[in-house]
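The chain contents come next:
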Amino acid sequence: MKDHDLANLRILDAISHEVALDAAERGPMTPELRADVKAIGDAVRARIAEQRRRDLASEVLRPPAAAVARPSILAMTRDALVARLAQLRAMHPDAILAHRDFAVMTDTDLRTALEDAELALAQPAD
């Protein structure tokens, strides 16, 4: 784990601690406060995941996605890649994907995973 990952986790821990202290002082959490806490946590986790994707992309040497993915997959946005992978997972619940947490995957890895999944599903069953 990198120093900035640890710093981000410390920040998230500090925010959670402050929310817990505030809740203890004010009594039970309201639905509005729960929603605020969830939104803050979601935003922090999204930023951490984005940073992790950037770190992974710069650390790992691999062929560009263009070398392994068809043009229709290369043209897809990140959201479209995640949506298609989720759709395939829902359509084929017995299929096994190496990664289940798409939020931390780089766009290149998402494209490669989708290409692999599409190829595997196109193969005739034995």
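Scroll up to find the structure.
Residues numbered from 1 in each chain as written. Predicted model: local features only at pLDDT ≥ 70, side-chain atom pairs only at ≥ 80, totals over all residues. Heavy atoms only, no water.

**Re the overall build of the protein**
Then, number 1: Each helix and strand in the protein was counted, giving five helices and zero strands.
Then, number 2: The secondary structure elements of the protein, listed N-terminal to C-terminal, are α-α-α-α-α.
Then, number 3: With 126 residues in all, the protein has 23% of them scored as buried.
Then, number 4: Taking the contacts inside the protein whose residues are at least 6 apart along the sequence as the reference set, 72% of them involve residues at least 24 apart.
Then, number 5: With the model as given, the accessible surface of the protein reaches about 8,700 Å², and the carbon-plus-sulfur share is 60%. (Helix = DSSP H or I, 4+ residues; strand = E, 2+ residues; numbered from the N terminus. Buried < 20%, exposed > 50% of the residue type's maximum accessible area, 1.4 Å probe, protein only. Contact = heavy atoms within 4.5 Å. Areas by Shrake-Rupley, 256 points an atom, 1.4 Å probe, with all protein chains shown as cover.)

**Section: the environment of R89**
Then, number 1: Residue placement: R89 occurs in helix α4 (residues 78-91).
Then, number 2: Put simply, R89 and A117 are 28 residues apart on the chain and 9.3 Å apart in space, counted from C-alpha to C-alpha.

**Description of the side chain of R78**
Then, number 1: Summarising the element assignment, R78 is placed in helix α4.
Then, number 2: Beyond its immediate stretch of four places on either side in the chain, R78 contacts R53, F102, A103, M105, T106, D107 and L110.

**Comments concerning the pattern of salt bridges**
Then, number 1: Evaluated as defined, the whole model comprises five salt bridges.
Then, number 2: A salt bridge links R70 to E115; the nearest nitrogen and oxygen atoms lie 2.8 Å apart. Of this pair, R70 sits in the loop between α2 (31-59) and α3 (71-74) while E115 sits in helix α5 (residues 107-122), and the two are 45 residues apart along the sequence.
Then, number 3: On the basis of relative accessible area, R70 is assigned to the partly exposed category, the value being 31%.
Then, number 4: Between R78 and D107 there is a salt bridge whose closest N-O contact spans 2.3 Å. Taken together, the residues span a long stretch of sequence, with R78 in helix α4 and D107 in helix α5 at a distance of 29 residues.
Then, number 5: Overall, the relative accessible area of 19% leaves R78 in the buried class.
Then, number 6: Beyond isolated ion pairs, a larger network of salt bridges with shared partners links K38, D42 and R45. (Salt bridge = Lys/Arg side-chain N within 4 Å of Asp/Glu carboxyl O.)

**Quick notes on the nonpolar core**
Then, number 1: Membership of the largest hydrophobic core is limited to 12 residues, which are A69, I73, M76, L81, L85, L88, L97, F102, M105, L110, L114 and A117.
Then, number 2: Listed by contribution, the elements that provide at least two residues to this core are α4 and α5. (Core = buried A, V, L, I, M, F, W, Y, C linked by side-chain atoms within 4.5 Å.)

**Regarding α5**
Then, number 1: Compared with an ideal rise of 1.5 Å per residue, which puts 16 residues at 22 Å, α5 spans 22 Å between its outermost C-alpha atoms and is within 8% of the ideal.
Then, number 2: Those residues of α5 not exposed but buried are L110, R111, L114, E115, A117 and E118. Projected down its long axis, α5 shows its buried positions confined to an angular sector of 165°, all on one face.
Then, number 3: Its buried side turned inward, α5 meets α3 and α4. (Expected span 1.5 Å × (residues − 1). Arc of directions from axis to C-beta.)

**Details of the packing of α4 against α5**
Then, number 1: At a minimum axis distance of 10 Å, the contact between α4 and α5 shows a crossing angle of 35°. The hand of the α4/α5 crossing is left-handed. Contacts between α4 and α5 involve R78, L81, V82, R84, L85 and L88 on the former and, on the latter, D107, L110, R111, A113, L114, A117, E118 and L121. (Axes fitted to C-alpha atoms, helices over the stretch in contact; angles between N-to-C directions. Left-handed = near helix turned anticlockwise from the far one by under 90°.)

**Quick look at the environment of V82**
Then, number 1: Relative to the helices and strands, V82 resides in helix α4.
Then, number 2: In contact with V82, not counting residues within four places along its chain, are F102 and L110.

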